[in-house]
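Now for the letters of each chain:
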Amino acid sequence: MATVVRLRLTIAYLGTAFHGWAAQPGLRTVQGELETALTTVLRHPVALTVAGRTDAGVHARHQVAHCDIPADALAQITRAGGPSDALVSLCRRVNALTARTADVPGGDVVIRSAQIVDQTFDARFCALTRHYAYQLSDGSTGYNPLQAHTVWWTGDRVLEVNAMEEAANVLVGEHDFLSFCKPREGATTIRTLHKVEIARDNDHIRIALSADAFCHSMVRSIVGALVDIGLRRKKQDWMERLVAEPSRIGAAPVAPAHGLTLIGIDYPPPADWKRQQQKTRRLRTLDR
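Draft legend 1. Fine view of the side chain of Thr261. Relative to the elements of secondary structure, Thr261 occurs in strand 10 (residues 260–266). Setting aside anything within four residues of it in sequence, one finds Thr261 in contact with His59, Ala60, Arg61, His131, Tyr132 and Ala133.

Laid out in structure tokens, this is it:
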């Protein structure tokens, strides 16, 4: 039986021209592009498991995925040197292939690094914390066309950041975030939001969010709700009701995808990978 190795890949991409992460027939996706390139270089079918699927238009500075491949497939891409040389060559060759299908010089998706890990590593279920950042601009900064693909222009009105910060405090902690996400059958909408930080600089407003995991469209829905409060369309008690009475009726609006970037993912040390998997796979409930 052929020896199988597990690769941990760190990935970055500009989501503008992608129909999200997940492979879809006939559409250009991050998963589709990478799996095709990896299969070509390794001469063996490759299936990726990702830490978190991003929607169409969402970017990633530090995405993580893993895949299992025959050790021989990795060894054959370089004639000399050890495994580290093969991994460097793998990244370089895959990135060269994906760049050919991109309209951006140098490509719009790259594997930044690759390493061999234990079979107990799972990019999705071993993750401890996921970090996102959402960028937007308003009447105080003005519209900047150079940021059109990465910053949401909310219009000429000035957002009241203090009101947004006050509302964001309600969200921190473990809650049922049904009011802020699109639920999937058989999946829980309970998450632990560790932080929501809002900061304004000369160019834009940055909303940083960290949680153990995020539901589908959860970050964008939180941002959409905060913007409504910042524009005084909604009051503080509306946010409190969304948290206290989780429901899809009157749910939070969803902000555009292009302002969102996956910043990073935290993992425990290797000795804790198996235990973290077991913890993450448990279906959570809230004691009320």
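Having put the structure on the table, let's press on.
Draft legend 2. Region of the structure containing the packing of aromatic side chains. Taken as a whole, this structure holds 7 aromatic pairs when the rule is applied. With 5.1 Å between their ring centres and 55° between their planes, Phe121 and Tyr267 make a pair best called tilted. Here Phe121 is found in the loop between strand 4 (109–117) and strand 5 (129–137), whereas its partner Tyr267 is found in the loop between strand 10 and helix 7 (273–281), with 146 residues between them in sequence. Since its relative accessible area comes to 0%, Phe121 is described here as buried. Relative to Phe214, the ring of Tyr132 lies with its centre 5.3 Å away and its plane at 85°, an arrangement referred to as edge-to-face. Of the two residues, Tyr132 is situated in strand 5 and Phe214 in the loop between strand 9 (205–211) and helix 5 (218–230); the sequence distance between them amounts to 82 residues. The class for Tyr132 is buried, based on a relative accessible area of 10%. Directly above the ring of Phe125 sits Arg281, whose terminal nitrogen or CZ lies 3.8 Å from the centroid.

Draft legend 3. Quick look at the pattern of salt bridges. Counted under the stated rule, the structure contains 11 salt bridges. Across the pair Arg275 and Asp272 runs a salt bridge whose closest N-O atoms are separated by 2.4 Å. Among the charged side chains, a network of salt bridges with common partners joins Arg28, Glu33 and Asp108.

Draft legend 4. The arrangement of helix 7 in detail. Within the sequence span of helix 7, burial applies to Trp273, Gln276 and Gln277. The arc enclosing the buried residues of helix 7, seen along the axis, measures out at 105°, which places them on a common side. Those residues of helix 7 that are exposed and angled more than 90 degrees off the buried face are Lys274, Arg275 and Lys279. The secondary structure elements touched by the buried residues of helix 7 are strand 1 (4–13) and strand 4.

Draft legend 5. Representation of the nonpolar core within the structure. If you look at the biggest cluster of nonpolar residues, it comprises 83 residues, and the most contacted ones within it are Phe180, Ile207 and Leu226. Top contributing element to this core by residue count: helix 5, with 8 residues. Contact partners of Ile207, with chain neighbours within four places excluded, come to Tyr132, Ala133, Tyr134, Leu136, Met164, Val196, Glu197, Ile198, Val223 and Leu226.

Draft legend 6. Looking closely at the state of the cysteines. Within the structure shown, the criterion is met by 0 disulfides. Left unpaired, Cys67 is separated from the closest cysteine sulfur, that of Cys91, by 10 Å. Sulfur of Cys215: no disulfide; nearest cysteine sulfur belongs to Cys181 and is 3.7 Å away. Cys215 gets classed as buried once you look at its relative accessible area, which sits at 10%.

Draft legend 7. Fine view of the environment of Gly139. Counting through the fold element by element, Gly139 comes out in the loop between strand 5 and strand 6 (152–153). Along the chain, Gly139 and Trp153 lie 14 residues apart, while their C-alpha atoms are 8.7 Å from each other. If near-sequence neighbours (up to four positions away) are discounted, Gly139 is found in contact with Trp153, Gly155, Asp156, Arg157 and Val158.

Draft legend 8. Looking closely at helix 1 (residues 30–42). An ideal rise of 1.5 Å per residue puts 18 Å on 13 residues; helix 1 measures up with 18 Å between its terminal C-alpha atoms. With 10 of 13 residues buried, helix 1 lies mostly within the body of the structure. Here helix 1 has its buried residues at Val30, Gln31, Gly32, Glu33, Leu34, Glu35, Ala37, Leu38, Val41 and Leu42. Between the side-chain oxygen of the N-cap and the backbone nitrogen of Gly32 there are 3.0 Å, and the N-cap of helix 1 in question is Thr29. Backbone geometry just downstream of helix 1 places Arg43 in the positive-phi region, at approximately 60°.

What counts, and where the lines are drawn
- Residues numbered from 1 in each chain as written.
- Predicted model: local features only at pLDDT ≥ 70, side-chain atom pairs only at ≥ 80, totals over all residues.
- Heavy atoms only, no water.
- Helix = DSSP H or I, 4+ residues; strand = E, 2+ residues; numbered from the N terminus.
- Contact = heavy atoms within 4.5 Å.
- Phe/Tyr/Trp six-rings, centres within 6.5 Å; stacked < 30°, edge-to-face > 60°.
- Buried < 20%, exposed > 50% of the residue type's maximum accessible area, 1.4 Å probe, protein only.
- Lys NZ or Arg CZ within 6 Å of the ring centre and 35° of its normal.
- Salt bridge = Lys/Arg side-chain N within 4 Å of Asp/Glu carboxyl O.
- Arc of directions from axis to C-beta.
- Core = buried A, V, L, I, M, F, W, Y, C linked by side-chain atoms within 4.5 Å.
- Disulfide = S-S within 2.5 Å.
- Expected span 1.5 Å × (residues − 1).
- Polar contact = N/O pair within 3.5 Å; in protein donor to acceptor, adjacent residues only side chain to side chain.

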